[in-house]
Amino acid sequence: MAGGNWTRVNEFILMSFSSLPTEIQLLLFLTFLIIYLVTLMGNGLIILVTLVDPMLHSPMYFFLRNLSFLEIGFNLVIVPQMLGTLLAQDTTISFPCCATQMYFFFFFGVAECFLLATMAYDRYVAICNPLHYPVIMNQRTRAKLAVASWFPGFPVATVQTTWLFSFPFCGTNKVNHFFCDSPPVLRLVCADTALFEIYAIIGTILVVMIPCLLILCSYSHIAAAILKIPSTKGKHKAFSTCSSHLLVVSLFYVSSGLTYFRPKANNSPESKKLLSLSYTVVTPMLNPIIYSLRNNEVKNALSRTFHKALGLRNYIQ
């Protein structure tokens, strides 16, 4: 980083929503704060109820609990920093903090892709092999699948973050985004990044396409199995166990796909910020709502847990 007229970068400036009037930024702060609290509360309730309610100790809810842990982590990486920039108008972020935020953003993003694929496989086994489901998806298998879902995030995040932050940064230090994402930070590098960009494109395609193909394969077999069910009621019951997961998968892949795979000509920084909000802020809030509203088992478990807590409180008083 030394030599020539290069200036060593010790911190970055997140442009975030600084171009908007102060009143609009305050409104955004209140909106995102409410979404943030709802996300933590909703995913926290899913974790709690799947742990304490014996009726939700099946593999499906084990993976749902993992998804809720992941969504909380994803939110903690992005939202507090964004709220701070909106409220205090302090948009600076240190070099190490930016690298750390990017690392965990990659880690949780990759883990979510593979966890959604694992959840699709769980539904495939439940519907296509119902008699062998408890044997196939035993505790040991569940644990292995969970580890296999979380693990890919480590090498992807380590390689991409370490490689990107090994480049020299010079000139402007303004990141035109509300968090340290790879593309806007990469624009500040003053070196040849062609090899890194090739790796990033190939890596992104693999990380997205491999889980996506696994999900499509699982659901093609699920669809074939559902069509063979003779009764309409049986078909509806089988489909209802997959509908929440399908909706969550659609939200995640559509929003992230529009963000990273749109043509550059149609990919302005402002539109990318809006699309990034959908999968970093909005989707983690919607996931527990989707699973709660569309799943009677979760609704009943939440009701039982609430009444137990209320009964215990009245007993203590």
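Residues numbered from 1 in each chain as written. Predicted model: local features only at pLDDT ≥ 70, side-chain atom pairs only at ≥ 80, totals over all residues. Heavy atoms only, no water.

Going by the annotation in an unreviewed UniProt entry, the name recorded for the chain is Olfactory receptor, with Rhinolophus ferrumequinum given as the source organism.

Caption draft 1: Highlighting the overall build of the chain. Scanning the chain from terminus to terminus reveals eleven helices and three strands. From first element to last, N terminus to C terminus, the chain shows the α and β order β-α-α-β-α-α-α-α-β-α-α-α-α-α. Here the C-alpha radius of gyration of the chain, 22 Å, is about what a compact globule of 317 residues would show, namely 20 Å. Principal-axis analysis of the C-alpha atoms places the extent of the chain at approximately 75 × 50 × 35 Å. Restricting to contacts in the chain with at least 6 residues of sequence separation, those with at least 24 account for 78%. Element-wise, carbon and sulfur atoms account for 70% of the exposed surface of the chain, whose accessible area totals about 16200 Å². For the chain, the centre of its 21 positive side-chain charges and the centre of its 12 negative side-chain charges are spaced 14 Å apart. (Helix = DSSP H or I, 4+ residues; strand = E, 2+ residues; numbered from the N terminus. Rg over C-alpha atoms; globule rule 2.2 N^0.38 Å. Contact = heavy atoms within 4.5 Å. Areas by Shrake-Rupley, 256 points an atom, 1.4 Å probe, with all protein chains shown as cover. Lys, Arg positive; Asp, Glu negative; His and termini not counted. Charge placed at Lys NZ, Arg CZ, Asp CG, Glu CD.)

Caption draft 2: Broad picture of the nonpolar core. By size, the foremost hydrophobic cluster in this structure holds 86 residues, and its most contacted members are Phe12, Phe32, Met82, Leu116, Leu164, Phe165 and Val185. The element contributing the most residues to this core is helix H3 (residues 95–128), with 21 residues. For Leu116, the contacting residues outside a window of four places in its chain are Leu67, Ile215, His245, Val248, Val249, Phe252 and Tyr253. (Core = buried A, V, L, I, M, F, W, Y, C linked by side-chain atoms within 4.5 Å. Buried < 20%, exposed > 50% of the residue type's maximum accessible area, 1.4 Å probe, protein only.)

Caption draft 3: Region of the structure containing the pairing of strand S1 (residues 11–14). Alternating residues of S1 divide into Phe12 and Leu14, all buried, and Glu11 and Ile13, none buried. Bridging between S1 and strand S3 (residues 174–175) involves two bridges; their strand directions are parallel. Bridge pairing in S3 places Leu14 opposite Val175. (Pairing = 2+ DSSP bridges.)

Caption draft 4: Unusual backbone geometry, seen in detail. Although it is not a glycine, Ser16 sits at a positive phi angle of roughly 45°. Note on placement: Ser16 falls in the loop between S1 and helix H1 (22–52).

Caption draft 5: A look at the state of the cysteines. On inspection of all chains with the given rule, the structure shows two disulfides. Cys98 shares a disulfide with Cys180; S-S distance 2.0 Å. Between Cys98 and Cys180, the disulfide has an S-S torsion of -120° and is therefore left-handed. Linking Cys98 in helix H3 with Cys180 in the loop between S3 and helix H7 (182–186), this pair joins segments that are 82 residues apart in sequence. For Cys98, a relative accessible area of 0% translates into the label buried. (Disulfide = S-S within 2.5 Å.)

Caption draft 6: Highlighting H3. Taking 1.5 Å per residue as the helical rise, H3 with its 34 residues ought to reach 50 Å, and the 50 Å between its terminal C-alpha atoms agrees with that figure. Summarising burial for H3: 27 of the 34 residues are buried, a large majority. (Expected span 1.5 Å × (residues − 1).)

Caption draft 7: Structural detail: the UniProt feature "transmembrane region" (unreviewed entry) in the chain. According to UniProt, the positions carrying the feature "transmembrane region" (unreviewed entry) are residues 24–51, 63–83, 103–124, 145–165, 198–227, 239–262 and 274–293. With 100% helix and 0% strand, residues 24–51 has its two end C-alpha atoms placed 40 Å apart. Strand forms 0% of residues 145–165 and helix 86%; the C-alpha atoms that close the span are 32 Å apart. (UniProt positions renumbered as here; feature names shortened; annotations may be inferred.)

Caption draft 8: Seen up close, the sheet that holds S1. Spatially, three strands are ordered S2-S1-S3 in an open sheet, and the strand pairing comes out mixed. Looking along the sheet, the strands with just one partner apiece sit at the ends: strand S2 (92–94) and S3. Its contacts with the sheet put H3 on S1 and S2, and the angle it makes with S2 is roughly 85°. (Axes fitted to C-alpha atoms, helices over the stretch in contact; angles between N-to-C directions.)

Caption draft 9: A look at a nonpolar patch on the surface. Among the surface-exposed residues, Ile201, Ile205, Met209, Leu213, Leu216 and Phe261 lie close enough to one another that they form a single nonpolar patch of about 580 Å² accessible area. For Ile201, the location among the structural elements is in helix H8 (residues 194–227). Residue Ile201 is classed as exposed on the basis of its relative accessible area of 53%. (Patch = residues over 30% accessible without salt bridge, like charges linked within 9 Å, V, L, I, M, F, W, Y side chains within 5 Å. Salt bridge = Lys/Arg side-chain N within 4 Å of Asp/Glu carboxyl O.)

Caption draft 10: Representation of the environment of Gly257 in the model. Position of Gly257 relative to the elements: it lies in helix H9 (residues 232–260). Separated by 18 residues in the primary sequence, Gly257 and Leu275 place their C-alpha atoms 9.5 Å from one another.

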